[in-house]
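Architecture at a glance
Letter by letter, the chains look like this.
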Amino acid sequence: MSGSRFPRALAGAVLGMALGLAESLFLLAAAPACLVPALRPVAQRGLARLTAMERARLSRFFGLDTSRENGGYAFLAARAALGLLGGYACTSLLFLALLFLAGGTWALLWGRAEPIPLELPGVNLVTSSDVVGLSSGALLLVVSALLVLGMAALERRVAVHFLGPDGGELMRRRIAELTATRSGIVRAVDDERRRIERDLHDGVQQRGVALAMLLGRARHSRDEEQVHELVAQAYTESRRLLDELRSVAWRIYPTALDELGLRAALAGVAERSPVPVTVHDGLSGRPVSEVETALYFVVREAITNAVKHAGAHDILVVLSEDERTVSVAISDDGEGGADPSGGGLSGLARRVLALDGTFTVDSPPGGPTRVTAMLPKAPPCG
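A brief report on the enclosed structure follows. (Residues numbered from 1 in each chain as written. Predicted model: local features only at pLDDT ≥ 70, side-chain atom pairs only at ≥ 80, totals over all residues. Heavy atoms only, no water.)

Let us look at the overall build of the protein. Within the protein, the regular secondary structure consists of 10 helices and 7 strands. Per-residue burial over the protein gives 36% buried out of 382 residues. Once local pairs closer than 6 in sequence are excluded, the contacts in the protein between residues at least 24 apart make up 70%. For the protein, the accessible area works out to roughly 22,300 Å², and carbon and sulfur atoms hold 62% of it. (Helix = DSSP H or I, 4+ residues; strand = E, 2+ residues; numbered from the N terminus. Buried < 20%, exposed > 50% of the residue type's maximum accessible area, 1.4 Å probe, protein only. Contact = heavy atoms within 4.5 Å. Areas by Shrake-Rupley, 256 points an atom, 1.4 Å probe, with all protein chains shown as cover.)

This brings us to a nonpolar patch on the surface. A surface patch of nonpolar side chains, about 530 Å² in accessible area, is lined by Leu-21, Leu-25, Leu-28, Leu-84 and Leu-85. Those elements giving two or more residues to the nonpolar patch turn out to be α1 (5-33) and α3 (72-110). Considering every element that reaches the nonpolar patch, the biggest residue donor is α1, with 3 residues. Tracing the chain through its elements places Leu-21 in helix α1. (Patch = residues over 30% accessible without salt bridge, like charges linked within 9 Å, V, L, I, M, F, W, Y side chains within 5 Å. Salt bridge = Lys/Arg side-chain N within 4 Å of Asp/Glu carboxyl O.)

Direction of pairing for strand β6 (residues 358-362) relative to strand β7 (residues 369-376): antiparallel, over a ladder of 5 bridges. Considered in β7, the bridge of Val-361 is made with Val-371. Hairpin geometry of β6 and β7 is characterised by an intervening segment of 6 residues between the two adjacent antiparallel strands and by a positive phi of about 95 degrees at Gly-366. (Pairing = 2+ DSSP bridges.)

In the Ramachandran plot, Asp-356 falls in the positive-phi region, its phi being about 65 degrees despite a non-glycine side chain. Counting through the fold element by element, Asp-356 comes out in the loop between α10 (343-353) and β6.

With that out of the way, let us pick up the nonpolar core. Counting 35 residues, the largest nonpolar core has Val-298, Ile-315, Val-328 and Phe-359 as the members making the most contacts within it. Secondary-structure elements contributing two or more residues to this core are α8 (262-272), α9 (289-308), β4 (315-321), β5 (325-332), α10 and β7. With 10 residues, the top contributor of residues to this core is α9. (Core = buried A, V, L, I, M, F, W, Y, C linked by side-chain atoms within 4.5 Å.)

Here the focus is the pattern of salt bridges. All told, the structure shown has 6 salt bridges when counted by the stated rule. One salt bridge connects Arg-79 with Glu-54, and the closest N-O pair in it is separated by 2.8 Å. Pair noted here: Arg-79 is in helix α3 and Glu-54 is in helix α2 (residues 40-62), with a separation of 25 residues, a long-range link. Owing to a relative accessible area of 0%, Glu-54 belongs among the buried residues under this scheme. Notably, a salt bridge pairs Lys-377 with Glu-321, separated by 3.3 Å at the nearest N-O pair.

Before going further, it helps to spend a moment on the environment of Ala-234. With respect to the element layout, Ala-234 can be found in helix α6 (residues 224-252). For Ala-234, a relative accessible area of 5% corresponds to the buried category. A sequence separation of 23 residues divides Ala-234 from Leu-211, and the C-alpha atoms of the two residues are 5.5 Å apart. For Ala-234, the residues in contact, after removing those within four places along its chain, are Leu-211, Leu-214 and Leu-215.

Looking now at the packing of aromatic side chains. Under the criterion given, the structure shown has 1 aromatic pair. A ring pair is formed by Tyr-296 and Phe-297, whose centres lie 5.2 Å apart and whose planes are at 75 degrees; its orientation type is edge-to-face. Accessibility expressed as a relative area gives 6% for Phe-297, which makes it buried. (Phe/Tyr/Trp six-rings, centres within 6.5 Å; stacked < 30°, edge-to-face > 60°.)

Looking now at α2. In this model, α2 (23 residues) spans 32 Å end to end at C-alpha, consistent with the 33 Å of a helix rising 1.5 Å per residue. Taken residue by residue, α2 has Ala-43, Gly-46, Leu-47, Leu-50, Thr-51, Glu-54, Arg-55, Arg-57, Leu-58, Phe-61 and Phe-62 as its buried positions. A positive backbone phi angle near 60 degrees is found at Gly-63, which sits one or two residues after α2. (Expected span 1.5 Å × (residues − 1).)

Here we take up the pairing of β4. Of the strand pairs in this sheet, strand β3 (residues 277-281) and β4 are connected by 5 bridges, and their pairing is parallel. Paired with Val-277 across the strands is Ile-315, a residue of β4. With α9 bridging β3 and the parallel β4, this β-α-β connection has left-handed handedness. (Right-handed = clockwise from strand over helix to strand, strands pointing away.)

What follows is the structure, given as structure tokens:
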């Protein structure tokens with residue numbers, strides 16, 4: 001316990017007792033006032049002012065800066081009871097402690113202590129009033145100090161419950177969140193690498209092997225007509241190989257996203273989709289690169305899942321924004337039942353959470369499915 005902690009907590013408890021009295025009187029007056037519509041704004045202003053005073057007291061004397069501005073009438077009711085009962089108990093006990101200490105010191109200094117017999121079983125002791133006074137005062141002082149510190153802890157609990165966590169708790173939560181999202185990003189990168197490897201192995205590599213075999217057969221064939229036929233097949237296979245390479249590159253990252261923006265990239269996704277995709281773009285401008293990329297992959301993965309797993313026949317993509325956030329919602333008329341913990345959707349969730357966004361999937365069995373991502377316009381720094 002630091003040397004300045006107890007005086008601050010004691011001052012906070014005394015001030016809290018005075019505020020508790022004011023809050024009690026306010027609550028008695030606010031209860032009937034809330035029944036009159038014309039008086040409700042006045043009661044709300046009084047509530048806001050008293051809560052602001054409590055926040056200032058908590059910050060000044062207990063070092064607690066809460067995240068919410070208003071805890072409502074429930075906070076004032078809890079604070080009034082705590083301030084009156086706890087503050088009264090602390091100050092009364094401290095007053096008695098100081099009274100005993102002053103009386104014992106006076107008797108000791110001026111020699112007016114009177115002997116006090118203390119009879120115990122088998123023991124007959126005689127002590128003086130100054131010793132009793134000083135001992136009782138010291139004991140009460142220790143108890144009052146513990147009570148004041150306990151009151152400080154209780155003050156913090158009540159404030160955190162009604163007004164939200166303080167700065168330290170918010171920082172601890174933020175560190176835990178960043179740790180989780182960092183590991184999530186690592187898993188998402190690993191999953192993406194595995195997907196790219198599968199695309200290369202199952203598509204590009206197989207077509208490359210087929211092309212090499214056709215060219216090898218043409219090289220060793222002595223039938224000129226067969227050679228022309230094999231070369232024609234090899235040419236066709238090479239075109240397929242180029243298409244496969246472009247498809248893999250597009251799935252990794254579309255160049256249109258950097259060059260033309262999100263609208264053009266989503267138009268390309270809609271054109272490649274085997275089912276109709278309608279895109280409503282409500283954005284006033286291009287989001288920052290990180291946010292734009294996340295929005296693109298959310299849309300692309302949601303469309304892929306709707307076509308591949310839900311059997312959707314119509315897909316709607318809506319982009320919107322407000323002053324602080326950019327949102328995208330993808331709805332389809334498929335069978336529903338999408339699993340948010342699946343590989344694709346969980347990877348999207350990790351990508352969105354890494355940018356301090358929110359990701360939700362609403363997909364009841366039988367459909368419809370709605371995937372929503374909301375991202376801040378300014379991504380987190382560092």
